[in-house]
Amino acid sequence: MRIAIVGGTGYVGFCTGLGFASKRHDVVLIDLNAKKLAGVREGRCPVYEPGAAEILRKVLDQGNLTTATIIPEADIILLAVGTPSLPDGGINVTQIKKVSETIGSTIKTWNTSPVIVVKSTVVPGTTETVVKPIVESTSGKHAGTDFGLVMNPEFLREGVALKDFLNPDRIVIGEYDKRSGDLVATLYKDFPGTLMRTSLAAAEMIKYANNAFLATKISFINEIGNLCKRLGIDIDEVAKGIALDKRIAPHFLQSGVGYGGSCFPKDVAALASLAKQNGYEPKLLNEVMALNKRQRRLLLDRLGPMKGKRVAVLGLAFKPNTDDVRESPAIDIIGDLVNQGASVVAYDPQAMITMKQVFPNILYAQTAKEALQTADACVVLTDWNEFKELTIEDFTQMHGTQIIEGRRILKPEINADGLCW
Ligand code: UGA
């Protein structure tokens, strides 16, 4: 099938494009930035994702991936632009509206009836009340007859997005009209996982409820972890014990400094904001967010006053295998240390360039070992595998002895003070 992806150089658009191209569909990545597109054609990934460069080379060689600045005729137009947070937690649909207008004016002259697939994370109701009327008015055509409409949420995790794309637990197809649902279902016909067809709004809500539930699991295990720490109980033994109950499952039960990233914080806040707008107080969601922020405070409190001290921060990305620092616990923690008057020396295997945009004036070390040298205290905020290799000798280079682990990754003999363990 011919698939045009608007927002094709963004994280979701690009990974989805690579995935469909690797399945031999003809994918066109659309972006207004011609320079970025030229880079893609030369094999440069516009986002950091392990394994993506190899697949990009392959699909370019096979001729299954091309780029364009305007939408070419296609069977499917996939909308994958960003929906950033508004100050009240709601989502900003400016790009969704703009792209819907562009799609409408583009398909106006087409003799075919393309299916518009919303991949962006949008609050329930957006596809039907924002995308549909804009496309209809700018194209002069009708949804369900002249063009199709589907909401197909993504569940990709950064760092393993391509694996997740090809091996989904489930595929959710929210459809306005049956023909469109059928077409999108054929796109996924040889994918593993359960294919589920729903209304547009249910598909939109599944995405939010999914992320909110996972965030809730993390805040829950952090709550139990904080208590276990006080009682001298190993939280990981407890997590393992409850994970054996099939109803609970072992995933997302790692306690620590809490969740970050471009999805959980934004999506839980958007769901809570939607609830409030609809006259419902989202007590649980509010607590999930508050508990998550509290983990960062707890780590700082454990560290104590750091004015005039040198603090090594190991791990800046919100999780390993990414250079993404959005909503990373490291941002709040470094910000507080800097405000206190501490001298911060940070290290991350991938995320130093991105963090330099947030904190250009702190020190950055070339290695974890270098960051530790002469530090009065150390905090570990991302569970990068390479931190497993650090030895007691590396830590003896510090001036002080305080090592606080926000993620459980160091060798046990280092005897770091775990946040919840
Ligand atoms: C998340 C979801 O897992 C994806 O399914 C979803 O598609 C994506 O958001 C999205 O909405 O686009 P992602 O943000 O890439 O994916 O990262 P996760 O692997 O889910 O981790 C999120 C945060 O939770 C990280 O900061 C991680 O360190 C933290 N976490 C995760 C914990 O603190 N404990 C855990 O047990 C698991």
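Trainee: Give a detailed account of the environment of Lys307, specifying residues and quantitative values.
Mentor: Among the structural elements, Lys307 can be located in the loop between helix 11 (283-303) and strand 9 (310-314). Its relative accessible area of 68% is what places Lys307 among the exposed residues. Spatially, the C-alpha atom of Lys307 lies 5.3 Å from that of Gln340, the residues being 33 residues apart in sequence.

Trainee: Which residues make up the nonpolar core, and what values do they have?
Mentor: Counting residues in hydrophobic clusters, the biggest one holds 57 residues, and the most contacted among them are Val313, Leu314, Leu316, Leu337, Phe387 and Leu410. The residues touching Leu337, leaving out its near neighbours within four places in the chain, are Leu300, Leu303, Met306, Val311, Val313, Ala342 and Val344. Ranked by size, the runner-up nonpolar core spans 46 residues in total, among them Ile30, Val118, Ala212 and Phe264.

Trainee: Any details on the sheet that holds strand 13 (residues 402-405)? Residues and values, ideally.
Mentor: Pairing is parallel in the open sheet, where 6 strands are placed in the order 11-10-9-12-13-14. Strand pairing shows two members of the sheet lacking a second neighbour, strand 11 (363-364) and strand 14 (417-418), which therefore form its edges. Two elements, strand 12 (residues 377-380) and strand 13, share 4 bridges in a ladder whose sense is parallel. When the sheet's bridge partners are listed, Ala377 is paired in strand 13 with Gln402.

Trainee: Tell me about unusual backbone geometry, and name the residues and values.
Mentor: Notably, Asn321 is not glycine yet its phi reads approximately 65 degrees, a positive angle. Residue position: Asn321 is located in the loop between strand 9 and helix 12 (329-340). Positive phi outside glycine occurs at Glu327, with the angle close to 55 degrees. Take Glu327: it is sitting in the loop between strand 9 and helix 12. A relative accessible area of 42% means that Glu327 is categorised as partly exposed.

Trainee: Would you mind going over the domain arrangement of the protein chain in detail, with residue names and values included?
Mentor: Taken domain by domain, the protein chain consists of domain 1 (2-198) and domain 2 (235-421). Between the C-alpha centres of domain 1 and domain 2 the distance comes to 33 Å. Listed per partner, the contact involves 15 residues of domain 1 and 15 residues of domain 2. Summing both partners gives a buried area of about 1,200 Å² for domain 1 against domain 2, and 53% of it is carried by carbon and sulfur. Taken as a group, Tyr48, Gly89 and Glu158 account for 48% of the area that domain 1 buries against domain 2, more than any other trio of residues on that side. On the surface where domain 1 and domain 2 come into contact, there are 1 salt bridge. We note a salt bridge from Glu158 to Arg326, for which the minimum N-O separation is 3.8 Å. There are 6 residue pairs in polar contact (both at pLDDT 80 or more) connecting domain 1 and domain 2. Classifying every residue of the side of domain 1 that touches domain 2 gives 6 nonpolar, 6 polar and 3 charged.

Conventions used here
- Residues numbered from 1 in each chain as written.
- Predicted model: local features only at pLDDT ≥ 70, side-chain atom pairs only at ≥ 80, totals over all residues.
- Heavy atoms only, no water.
- Helix = DSSP H or I, 4+ residues; strand = E, 2+ residues; numbered from the N terminus.
- Buried < 20%, exposed > 50% of the residue type's maximum accessible area, 1.4 Å probe, protein only.
- Core = buried A, V, L, I, M, F, W, Y, C linked by side-chain atoms within 4.5 Å.
- Contact = heavy atoms within 4.5 Å.
- Pairing = 2+ DSSP bridges.
- Domains from an automatic or database assignment.
- Buried area = accessible area lost by both parts, 1.4 Å probe.
- Salt bridge = Lys/Arg side-chain N within 4 Å of Asp/Glu carboxyl O.
- Polar contact = N/O pair within 3.5 Å; in protein donor to acceptor, adjacent residues only side chain to side chain.
- Nonpolar A, V, L, I, M, F, W, Y, C, P; charged D, E, K, R; others polar.

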